[in-house]
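The chain contents come next:
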Amino acid sequence: MSWDRTRKVLSVVVGLAGALAMGMTGVVANAATVTPEYGNIDAAKTGSIIIHKHEHQNGSDATAKPDGSADITTPGIGGVEFTVYRIDGLDLSQTDSWNGLSEAKAPATVTPGTTTITVNGNEYGFVKAATVTTNAQGEVTASNLPVAAYVVIETNRPSTVVDIAQPFIVTIPFPDNANTKGWLYDVNVYPKNGSTTVDKTVLSQEGLGLGSVAQFPVTTLVPKIADNASYKYYIIHDDLDSRLTPADDLAVTVDGQAVNASYYTVTITGQAVDVSFTQAGLAWLKTIPGKSVVTTFKGTVNAIGNGTIPNKASLYADTQVSDQPPVPPEVPPVDPPVTPPVSPEVHQNWGDLVISKVDADKESAGLAGAQFEVFAAADAYAENCTTAITGDPITVNGDSTFTSDASGKIDISGLFVSDSKNAPIDAAQRCYVIKEIKAPAGFVLPEGDAALTGVAVKTGKTTGVDITVKNTKQNVPDLPMTGSTGIAVMVVVGLALISGAGALTISRRRSLNK
């Protein structure tokens with residue numbers, strides 16, 4: 001080969017090396033340094049593609065090189081599957097095979113026998129070379145790869161990975177003109193990605209009676225995505241329990257500030273509530289990588305059932321290669337590319353209060369018509385409930401006054417007990433105070449502290465009675481009784497009659513003696 005011919009070949013290779021180094025969008029190296037080789041390509045040699053998948057690489061300032069001399073320190077992501085396809089028939093021992101390779105576009109998916117790629121005006125098919133999955137450190141190696149050009153595609157990923165790695169082309173050997181100036185047969189690559197997290201909590205309950213609103217904040221991380229990518233959709237989804245009536249007046253904030261209402265829509269379908277970012281909202285999300293969106297779902301408590309009301313949420317998010325996001329769906333796609341990440345489950349605990357109103361002289365006799373109010377106890381979680389109250393009477397399903405039925409029973413369902421996030425976490429009972437405000441007819445209404453009774457409400461439905469309240473009968477004027485004033489009158493009258501009879505007898509005897 002003449003020197004001019006050799007110089008032209010080297011020029012092509014050097015130019016291609018630079019183009020490949022610049023064109024490996026989304027791929028950087030990790031610290032697993034390999035030794036380069038110099039001189040001609042060894043067509044008989046095999047190499048490897050060393051894949052490193054790390055969190056938030058898009059948001060770091062780390063440097064990386066294909067030889068592995070890098071300073072990537074973010075945690076690795078395990079469980080990410082990559083499939084490596086060899087470009088069939090592209091012989092890298094030939095100069096013409098390198099021409100145009102830097103302009104080739106890796107397909108998003110590959111079906112061997114169907115999918116093709118165009119290199120320098122020629123079409124080539126694919127042969128599957130390997131399928132590998134990253135370990136807990138986010139690393140995996142596709143080894144024993146002959147000299148060729150390969151397309152690497154991320155084919156499966158954990159639900160927390162939002163921005164799937166874009167397919168990329170890797171050659172073995174790789175011309176490392178930017179660093180080692182040699183050929184790398186073991187090539188370190190680092191596909192960029194964006195990963196997210198979903199967390200959930202429950203706010204301290206303000207309304208304590210059935211019919212109050214429960215609030216569940218969901219925090220989702222907005223990952224940094226590739227510069228040439230945009231969000232396809234970003235939807236926070238919550239399936240509310242049937243004992244919660246969904247509300248659409250949600251709070252959506254970032255850094256404590258309300259998000260522009262035009263950036264999202266709220267859709268309620270049965271018990272499902274979806275907050276979907278609009279096209280403008282998706283574009284805005286890309287500008288706030290690393291921030292967290294807090295979406296506070298709300299539901300009116302309409303029943304207590306077994307007493308424990310659970311809640312969890314999920315995030316549906318995906319990206320695409322485009323400058324602008326598309327018009328997104330308002331509800332999650334039926335077939336998302338991965339199972340969405342789900343938040344930890346939180347729950348609230350509710351119970352009921354059953355009061356029995358009885359006659360103090362005969363406790364088996366229930367009294368109808370007694371009325372009570374319920375108050376929050378000043379010391380809600382005291383070991384022994386006292387009668388100290390706080391706040392106004394509690395409303396339960398719109399009622400704040402509760403009346404005993406014909407059997408003397410009052411069932412107040414339900415009252416808040418505790419939750420899984422706020423102290424005391426999952427307390428088994430909560431103190432309330434009942435106040436009798438009207439006694440049954442004919443019975444005494446207690447006054448002052450005597451009208452107050454502390455009671456513990458436990459999670460779930462009460463099988464018996466929580467508290468029995470006794471009433472004494474009213475006092476009335478004494479009835480007239482035999483043996484009192486009436487007897488004295490009768491005695492006087494009797495004595496008078498006896499006295500009169502005696503006088504009459506004496507008078508008759510005198511008349512006869514004359």
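Chains are numbered independently. Their residues run from 1 in the order of the written sequence. This being a predicted model, a pLDDT of at least 70 is required before a residue's local features are given, and a value of 80 or more before pairs of side-chain atoms are given or counted; all residues contribute to the totals for chains, interfaces and linings. Excluded from the side-chain calculation are hydrogens and water; included are all heavy atoms of the structure.

Please provide a residue-by-residue account of the packing of aromatic side chains, values included.
Working definition: a ring pair exists when centres of Phe, Tyr or Trp rings (six-membered ring for Trp) sit within 6.5 Å. Plane angles under 30 degrees give stacked, over 60 give edge-to-face, the rest tilted. Under the defined criterion, the tally for this structure stands at seven aromatic pairs. For the pair Y85 and F126, a centre-to-centre distance of 6.5 Å together with 75° between the ring planes defines the contact as edge-to-face. Of the two residues, Y85 sits in strand β2 (residues 81-88) while F126 sits in strand β4 (residues 122-133), which places them 41 residues apart along the sequence. F126 carries the same exposure label as Y85, and that label is buried. Judged by centre distance (5.7 Å) and plane angle (55°), the ring pair of W98 and W183 falls under tilted. In this pair, W98 sits in helix α2 (residues 95-98) while W183 sits in strand β10 (residues 182-184), placing the two residues 85 residues apart along the sequence. A helix here means a DSSP run of H or I that spans at least four residues, while a strand means a run of E at least two residues long, and both kinds are numbered starting from the N terminus. Think of it in three bands: residues with accessible area under 20% of the maximum for their type are buried, residues over 50% are exposed, and the middle band is partly exposed, with areas taken using a 1.4 Å probe on protein chains only.

So what's going on with the sheet that holds strand β5 (residues 139-146)? Which residues, and what values?
The strand order across the open sheet built from three strands is β5-β1-β11, with neighbouring strands paired in mixed fashion. Only two strands of the sheet have a single partner each, and these edge strands are β5 and β11 (186-189). For this sheet, the mean angle separating the axes of adjacent strands, direction not counted, is 15°. Two strands pair under a simple rule: DSSP has to find at least two bridges between them. The pairing of strand β1 (residues 46-52) with β11 spans four bridges and is parallel. Pairing of I51 across the sheet is with V189, part of β11. Every angle, taken between N-to-C directions, lies between 0 and 180 degrees, and every axis is a line fitted to C-alpha atoms, over only the stretch in contact when it is a helix.

Break down the nonpolar core for me, citing the residues and quoting the values.
Put simply, a nonpolar core is a bunch of buried Ala, Val, Leu, Ile, Met, Phe, Trp, Tyr and Cys residues held in one set by side-chain atoms that sit within 4.5 Å of each other. Y234, F277, L285, I355, Y432 and I434 are the most contacted members of the largest nonpolar core, which totals 58 residues. For this core, the element with the highest residue contribution is strand β29 (residues 409-419), accounting for five residues. Among residues more than four places away in sequence, those in contact with I355 are F372, G408, K409, I410, I412, I434, V465, I467 and V469. Core analysis: the next-biggest nonpolar cluster, separate from the first, contains 43 residues, A104, I117, V161 and L184 among them. Any two residues whose heavy atoms approach within 4.5 Å at even a single point are treated as in contact.

For helix α3 (residues 279-286), give the residues involved together with the corresponding values.
Residues of α3 that are buried: G281, L282 and L285. When α3 is viewed along its axis, its buried side chains cluster within an angular range of 100° and face the same direction. The arc in question is formed by the directions pointing from the helix axis toward the C-beta atoms.

Any chance you could break down the sheet that holds strand β19 (residues 264-269) for me, citing the residues and the numbers?
Spatially, four strands are ordered β19-β20-β15-β23 in an open sheet, and the strand pairing comes out antiparallel. At either margin of the open sheet sits one strand with a lone partner, and together these are β19 and β23 (313-321). Neighbour-to-neighbour, the strand axes of the sheet open up by a mean angle of 15°, direction not taken into account. The sheet contact formed by β19 and strand β20 (residues 272-277) spans six bridges and is antiparallel. Across the sheet, the residue bridging to I268 is V273, located in β20.

Please provide a residue-by-residue account of the environment of S413, values included.
Tracing the sequence through the fold places S413 in strand β29. Placed 48 residues apart in sequence, S413 and K461 show a C-alpha to C-alpha distance of 8.2 Å. Those residues within four positions of S413 in sequence are excluded, and the remaining contacts are L210, I304, D352, V396 and K461.

Break down the state of the cysteines for me, citing the residues and quoting the values.
What counts as a disulfide here is a pair of cysteine sulfur atoms lying within 2.5 Å. Under the counting rule described, the total for this entry stands at one disulfide. Note on cysteine connectivity: C385 is disulfide-linked to C431, with sulfurs 2.0 Å apart. With the S-S dihedral at roughly -75°, the linkage between C385 and C431 falls on the left-handed side. Highlighted residues: C385 in the loop between β26 (371-377) and β27 (389-390) and C431 in strand β30 (residues 429-438), separated in sequence by 46 residues.

Summarise the environment of A360; cite the residues concerned and give the values.
Residue placement: A360 occurs in the loop between β24 (346-359) and β25 (362-366). Taking C-alpha positions, A360 is 4.9 Å from K470, a pair spaced 110 residues apart along the chain. Among residues more than four places away in sequence, those in contact with A360 are K470, N471 and T472.

Describe unusual backbone geometry, listing the residues and the values that go with them.
The omega torsion of the bond from I172 to P173 falls at 5°, within 30 degrees of zero and hence cis. Turning to its location among the elements, P173 is positioned in the loop between β8 (168-172) and β9 (174-176). Following A423, the chain continues into P424 via a peptide bond in cis, with omega recorded as -5°. Mapping P424 onto the fold places it in the loop between β29 and β30. Unusually for a residue other than glycine, N120 sits at a positive phi of about 55°. Mapped onto the elements, N120 comes out in the loop between β3 (117-119) and β4. Judged by its relative accessible area of 44%, N120 falls in the partly exposed class.

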